[in-house]
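# Working through the structure, step by step
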Amino acid sequence: GNSVTQMEGPVTLSEEAFLTINCTYTATGYPSLFWYVQYPGEGLQLLLKATKADDKGSNKGFEATYRKETTSFHLEKGSVQVSDSAVYFCALYAGNNRKLIWGLGTSLAVNP
Amino acid sequence: EPEVTQTPSHQVTQMGQEVILRCVPISNHLYFYWYRQILGQKVEFLVSFYNNEISEKSEIFDDQFSVERPDGSNFTLKIRSTKLEDSAMYFCASSEIAGGSTGELFFGEGSRLTVL
């Protein structure tokens, strides 16, 4: 079946550090891939997405590239800020399931 | 910016009691969903709803759960007789197109349910 695996947190970084949160997936066919973010006290928000292989999603300085050969969609940011502290969820949508399949979420804390 | 709103933000209830969680989806959206997240676990799909009927539901969504769109704006999740294991954050979402096929579901802030 379809599944998403994310690196476990929590991740703690200093401001301006480089961030990578790993995400790999298992799916039949050609899923769309997403990163959602949940800031403290808020709901889930779509951060970025990629709908086909080699696409790069980007938003707010975050990037992720859809790598079919490694079935990965790692989230990166070159220089994190305190305001990036949140929980990040990797998710996939595959047409055969018609629903979002979620990773466990990775908590990020950025210290000044 | 339009948003999905959920009430209550937190509800504490006794085991066996009925609970209704309310959601107001974005007004021009046609597809509605409930997801839940038990603490420390993955976000799980519960149900999707379109054209006034359930279009899909998970194995979690058993007979104690029901959904309704009573008045064209609210979308409710009812748990008839709550169990301890129903304690979770419940997220409502809506989308313009079927199944959120591009993943662009718009989520509310969640309703935290605590069953004692």
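## Considerations on the overall build of chain A
If you tally the helices and strands in chain A, you get zero helices and 12 strands. Against the 2.2 N^0.38 benchmark of 13 Å for 112 residues, chain A shows a C-alpha radius of gyration of 13 Å, consistent with a compact globule. Buried residues in chain A amount to 46% of all 112 residues. Considering only contacts within chain A whose residues lie at least 6 apart along the sequence, 55% involve residues at least 24 apart. For chain A, the computed accessible surface area is about 5100 Å², with 47% contributed by carbon and sulfur atoms. In chain A, 9 positive and 10 negative side-chain charges are present, and the distance between their average locations comes to 12 Å.

## Thoughts on the state of the cysteines
All names here are of chain A. All told, the structure shown has two disulfides over all chains when counted by the stated rule. A disulfide bridge connects C23 with C90, and the sulfur atoms are separated by 1.9 Å. What sets the handedness of the C23 and C90 disulfide is the S-S torsion sign, and at about -70° it is left-handed. In this pair, C23 sits in strand β4 (residues 23-26) while C90 sits in strand β10 (residues 86-93), placing the two residues 67 residues apart along the sequence.

## Comments concerning the interface of chain A and chain B
At the junction of the two partners, chain A supplies 20 residues and chain B supplies 20 residues. When chain A packs against chain B, the two sides together hide about 1700 Å² of surface, and 55% of this comes from carbon and sulfur. On the surface where chain A and chain B come into contact, there are zero salt bridges. In this assembly, chain A and chain B are joined by three residue pairs in polar contact (both at pLDDT 80 or more). Contributions of two or more residues to the side of chain A that touches chain B are made by β5 (32-38), β6 (44-50), β10 and β11 (100-102) of chain A. The greatest single-element share of the side of chain A that touches chain B, amounting to four residues, is contributed by β5(A).

## A word on the sheet that holds strand β1 (residues 5-7) of chain B
Residues and elements named next belong to chain B. Pairing is antiparallel in the open sheet, where four strands are placed in the order β1-β3-β8-β7. The two strands at the open ends of the sheet, each matched to only one other strand, are β1 and β7 (65-68). The mean inter-strand angle of the sheet, taken between neighbouring strand axes irrespective of direction, is 15°. In this structure, strand β3 (residues 19-24) lies alongside strand β8 (residues 75-79), joined through five bridges in antiparallel fashion. Bridging from a neighbouring strand, L21 pairs with L77 of β8.

## Overview of the pattern of salt bridges
With the rule as written, the count across this model stands at four salt bridges over all chains. Notably, a salt bridge pairs A:E63 with A:K56, separated by 3.6 Å at the nearest N-O pair.

## Section: the sheet that holds strand β9 (residues 75-77) of chain A
Residue and element names in this part refer to chain A. Taken in spatial order, the four strands of this open sheet run β3-β9-β8-β7, and their pairing is antiparallel. Unpaired on one side and paired on the other, β3 (19-21) and β7 (56-59) mark the two borders of the sheet. Averaged over neighbouring strand pairs, the angle between their axes works out to 15° when direction is ignored. Two strands pair when backbone bridges link them, and β3 and β9 are joined in this way by three bridges, in the antiparallel orientation. Counted as the bridge partner of I21 is L75 from β9.

## Some points on the packing of aromatic side chains
The final tally for this structure, using the stated rule, is 15 aromatic pairs over all chains. Between A:Y36 and B:F107, the aromatic rings sit 5.6 Å apart at their centres with planes inclined by 90°, giving edge-to-face as the arrangement. Of this pair, A:Y36 sits in strand β5 while B:F107 sits in strand β10 (residues 106-107), each in a different chain. Classification of A:Y36 as buried rests on a relative accessible area of 0%. B:F107 gets classed as buried once you look at its relative accessible area, which sits at 9%. Pairing B:F61 with B:F65 gives two aromatic rings, centres 5.6 Å apart and planes at 25°, and the pair type is stacked. Across this residue pair, the class does not change: B:F61 and B:F65 are buried. One aromatic cluster is present, built from ring pairs that chain together A:Y36, A:F89, A:W102, B:Y35, B:F45, B:F91 and B:F107.

Rules used throughout
Residues numbered from 1 in each chain as written. Chains lettered and ligands numbered in written order. Predicted model: local features only at pLDDT ≥ 70, side-chain atom pairs only at ≥ 80, totals over all residues. Heavy atoms only, no water. Helix = DSSP H or I, 4+ residues; strand = E, 2+ residues; numbered from the N terminus. Rg over C-alpha atoms; globule rule 2.2 N^0.38 Å. Buried < 20%, exposed > 50% of the residue type's maximum accessible area, 1.4 Å probe, protein only. Contact = heavy atoms within 4.5 Å. Areas by Shrake-Rupley, 256 points an atom, 1.4 Å probe, with all protein chains shown as cover. Lys, Arg positive; Asp, Glu negative; His and termini not counted. Charge placed at Lys NZ, Arg CZ, Asp CG, Glu CD. Disulfide = S-S within 2.5 Å. Buried area = accessible area lost by both parts, 1.4 Å probe. Salt bridge = Lys/Arg side-chain N within 4 Å of Asp/Glu carboxyl O. Polar contact = N/O pair within 3.5 Å; in protein donor to acceptor, adjacent residues only side chain to side chain. Pairing = 2+ DSSP bridges. Axes fitted to C-alpha atoms, helices over the stretch in contact; angles between N-to-C directions. Phe/Tyr/Trp six-rings, centres within 6.5 Å; stacked < 30°, edge-to-face > 60°.

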